[in-house]
Amino acid sequence: SQIALERRVDLEYFQGPWSMLLRVQDFETLDEEGITPEERPYRRLPQVAARGYWPEAPLGLEASIDGELTWFDRNTGVTGLRGHVLPRLALPLEWQGITLRPAVGADFTGYSLDDTAAGANDTPSRALPIYTVDLSTVLERRSGTGRRYLQTLEPRLQFVKIPFEDQQDLPLFDTINPDFNVVQLFRANRFVGLDRLGDTNQLNIGLTTRLIRARNGSQFLTATIGQIRYFDDRQVVLTTEESSSSGQSDWIGELGLNINDQWNLDLGYQWDSDANETQLAEVRVLYHPDDVRIVNLGYRLRGDNVEQLEVAAAWPIATRW
């Protein structure tokens, strides 16, 4: 549920391989009594971020660099400046429709902190390499009555290696452990945010199939299933978590069906094979008869914690209403 309203100003600049962002961000807490000062989000006053991307660097390499400098402010707790730089090199290789993409990055993150506890380090830092190898291909064939569909089969394997470094002396300004989904399946860092870089030695496995209408190229169906296999325990955690020793993640599946121009159906499912139970199930139905009318229905079940129904619609009453 929403606990704060965001107030934000962004200035963006694009020039050649560079993109830059200047952001000032604040939040208004909705529940002043139920949300403690320690739970309230930080203000960014300001955040300056830049990204450079060179897809055709020398020697067939693909190069990028991400940088950020952010001042985090709050009335309670540790505040201060965080700097982050992540240069990255990748070597895309293709052979007979198979794509192999080894890459290496170097994560450098440092802080200058105020209001730290007595004896705590007010300039902690982290420096870690990130290794990934991505292997994928796309197979296709004609399918259906009259061969009216183009069916694809898209297997993908991604190996990720990040060594362990103790990060308990780093603050938690904006980092969370997100819901597990198809996007998260192929992210190198299991956390969202720069305050933690999760140690791992893992293989991400995914398989997607699509049915594409041959007459116009529109997508009729997409289905994805995937899982992460871990070769070592994960030791880097957020403050309220325990380290994980499971050798595998939950199974995750998603199904999207574009029935026609008006109806869409999406299904999501997450299965914990260790506990032999459903972690998450969701259904979303969208009805969009024209450009000004839309109805969304959603149902979501998360174990024994959350069961919710969502309805959202926009429907003109008359010409001016």
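Residues numbered from 1 in each chain as written. Predicted model: local features only at pLDDT ≥ 70, side-chain atom pairs only at ≥ 80, totals over all residues. Heavy atoms only, no water.

A. Quick peek at the overall build of the protein chain. Scanning the protein chain for helices and strands turns up 1 helix and 17 strands. The C-alpha extent of the protein chain, read off along each of the three principal axes, is 75 × 60 × 50 Å. Within the protein chain, counting contacts between residues at least 6 apart in sequence, those at least 24 apart form 49% of the total. If you average the places of the 31 positive and of the 47 negative side-chain charges in the protein chain, the two averages end up 9 Å apart. (Helix = DSSP H or I, 4+ residues; strand = E, 2+ residues; numbered from the N terminus. Contact = heavy atoms within 4.5 Å. Lys, Arg positive; Asp, Glu negative; His and termini not counted. Charge placed at Lys NZ, Arg CZ, Asp CG, Glu CD.)

B. Region of interest: the side chain of Arg44. Position of Arg44 relative to the elements: it lies in strand S3 (residues 43–54). A residue is classified by how much of its surface remains accessible, and Arg44, at 14% relative accessible area, is buried. Of note is the side chain of Arg44, whose polar atom sits 2.4 Å from the side chain of Gln25. Reaching out from Arg44, the side chain makes a polar contact with the side chain of Asp174 at a distance of 2.7 Å. (Buried < 20%, exposed > 50% of the residue type's maximum accessible area, 1.4 Å probe, protein only. Polar contact = N/O pair within 3.5 Å; in protein donor to acceptor, adjacent residues only side chain to side chain.)

C. Representation of the environment of Leu221 within the structure. Within the secondary structure layout, Leu221 lies in strand S12 (residues 219–230). Those residues within four positions of Leu221 in sequence are excluded, and the remaining contacts are Thr209, Arg210, Leu211, Leu255, Gly256 and Leu257.

D. Structural context of the pairing of strand S16 (residues 293–302). Across 8 bridges, strand S15 (residues 277–290) lies against S16 in antiparallel orientation. Across the sheet, the residue bridging to Leu286 is Asn296, located in S16. Hairpin remark: S15 followed by S16, antiparallel, with 2 residues in the connecting loop. Summarising the sheet, S16 and strand S17 (residues 306–314) pair through 9 bridges and their orientation is antiparallel. Residue pairing for S17: Tyr299 is matched across the bridge by Leu309. Between the end of S16 and the start of S17, which pair antiparallel, lie 3 residues, with Gly303 showing a positive phi angle near 50°. (Pairing = 2+ DSSP bridges.)

E. Fine view of the side chain of Asp195. Position of Asp195 relative to the elements: it lies in the loop between helix H1 (182–185) and strand S11 (200–213). Engagement of the side chain of Asp195 in a polar contact is seen with the backbone nitrogen of Asp174, the distance being 3.0 Å.

F. A look at the layout of surface pockets. The space that makes up the second largest pocket amounts to roughly 600 Å³. In terms of lining, the second largest pocket is formed by 24 residues, of which the most central are Leu86, Arg88, Arg187, Ala188 and Asn189. Looking at the lining of the second largest pocket, the elements that each hand over two or more residues are strand S5 (79–90), strand S7 (98–114), strand S8 (125–137) and strand S10 (149–162). Considering every element that reaches the lining of the second largest pocket, the biggest residue donor is S8, with 5 residues. (1 Å grid on protein atoms, 1.4 Å probe; cavity = no way out; pocket = protein on both sides within 12 Å on 5 of 7 lines; lining within 4 Å. Points joined across faces, edges and corners; volume = space filled by probe spheres on them.)

G. Expanded view of the pattern of salt bridges. Per the counting criterion, the structure on display carries 21 salt bridges. Two residues, Glu32 and Arg40, come together in a salt bridge whose shortest N-O distance is 3.1 Å. Classification of Glu32 by relative accessible area gives partly exposed; the value is 49%. Residues Asp107 and Arg126 are paired through a salt bridge, measuring 3.1 Å at the closest nitrogen-oxygen approach. In this pair, Asp107 is assigned in strand S7 and Arg126 in strand S8, connecting sequence segments 19 residues apart. Both residues of the pair, Asp107 and Arg126, count as buried. (Salt bridge = Lys/Arg side-chain N within 4 Å of Asp/Glu carboxyl O.)

H. Local environment of the packing of aromatic side chains. Throughout the structure, instances matching the rule amount to 8 aromatic pairs. Look at Phe72 and Phe173: their rings are 4.5 Å apart centre to centre, the planes differ by 20°, and that puts the pair in the stacked class. One end of the pair, Phe72, is in strand S4 (residues 62–73); the other, Phe173, is in the loop between S10 and H1, and 101 residues separate them in sequence. On the basis of relative accessible area, Phe72 is assigned to the buried category, the value being 1%. Take Phe173: its relative accessible area is 7%, and that puts it in the buried class. Between Tyr287 and Trp315 the ring centres are 6.4 Å apart and the planes differ by 25°, which places this aromatic pair in the stacked class. Remark: Trp315 occurs in the segment after S17 and Tyr287 occurs in strand S15; sequence separation between them is 28 residues. With relative accessibility at 46%, the residue Trp315 sits in the partly exposed group. Among the aromatic residues, those joined into a ring-pair cluster are Tyr42, Phe72, Tyr111 and Phe173. Above the plane of the ring of Phe186 lies Arg156, whose end atom (NZ or CZ) is 4.0 Å from the centre. Directly above the ring of Trp315 sits Arg293, whose terminal nitrogen or CZ lies 5.5 Å from the centroid. (Phe/Tyr/Trp six-rings, centres within 6.5 Å; stacked < 30°, edge-to-face > 60°. Lys NZ or Arg CZ within 6 Å of the ring centre and 35° of its normal.)

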